[in-house]
Amino acid sequence: MEQGEQGDPWLLAAVSSLTLTPRSAQMLMLMQLTAEKHQTLLLQLLLSLLLQLLLLLLVLLMLLLLLVWLLLFFAFLLLLLSPLLLLLLPQVPFAHRFLDRVVPPDQNFDHGYCGVFR
């Protein structure tokens, strides 16, 4: 094997020196297992974050649907009450009869106003 070719001798020499002592080989395997374990933990963390993001999106979607439902409910309620409001609108000119029962007719905001109600 020549220097610079595929499988450089210095790399093979370094790896073979690691296998001369059992402790070095064990450390090399432990480092590989630790790296695999970290990759597994990182993958689990990423999956957990993805699930949390999906849950957050689901909650936001539910809130949006609730808002749409409330808007439709109030629009429906307004449609139900609009005929009633149209029926009560002609009664507004006669409201002074009821106002005179509560506020004295001679009371005004210019002179002697004291905010008296009957």
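Residues numbered from 1 in each chain as written. Predicted model: local features only at pLDDT ≥ 70, side-chain atom pairs only at ≥ 80, totals over all residues. Heavy atoms only, no water.

Our next topic: the overall build of the chain. Within the chain, the secondary structure is distributed over 3 helices and 0 strands. Overall, the chain shows an N-to-C arrangement of helices and strands of α-α-α. Across the 118 residues in the chain, those meeting the buried criterion constitute 2%. When the accessible surface of the chain is split by element, carbon and sulfur atoms take 75% of a total near 11200 Å². (Helix = DSSP H or I, 4+ residues; strand = E, 2+ residues; numbered from the N terminus. Buried < 20%, exposed > 50% of the residue type's maximum accessible area, 1.4 Å probe, protein only. Areas by Shrake-Rupley, 256 points an atom, 1.4 Å probe, with all protein chains shown as cover.)

With that settled, consider the packing of aromatic side chains. One pass over the structure, following the stated rule, counts 2 aromatic pairs. Judged by centre distance (5.6 Å) and plane angle (10 degrees), the ring pair of tryptophan 69 and phenylalanine 73 falls under stacked. On the criterion of helical spacing, the pair formed by tryptophan 69 and phenylalanine 73 is a turn pair, its members being 4 residues apart in helix α2 (residues 22-88). By relative accessible area, which is 37% here, phenylalanine 73 ends up partly exposed. Connected via pairs of aromatic rings, a cluster forms that spans Trp69, Phe73 and Phe74. (Phe/Tyr/Trp six-rings, centres within 6.5 Å; stacked < 30°, edge-to-face > 60°.)

Below, the discussion takes up the confidence of the model for the chain. Detailed reading of the predicted coordinates is not advisable wherever pLDDT falls low. Here the chain averages 77 in pLDDT, and 70% of its residues register 70 or above. Looking over the chain, one finds the lowest element-wise mean pLDDT in helix α1 (residues 9-18), namely 69, and the highest in α2, namely 84. (pLDDT = per-residue confidence, 0-100.)

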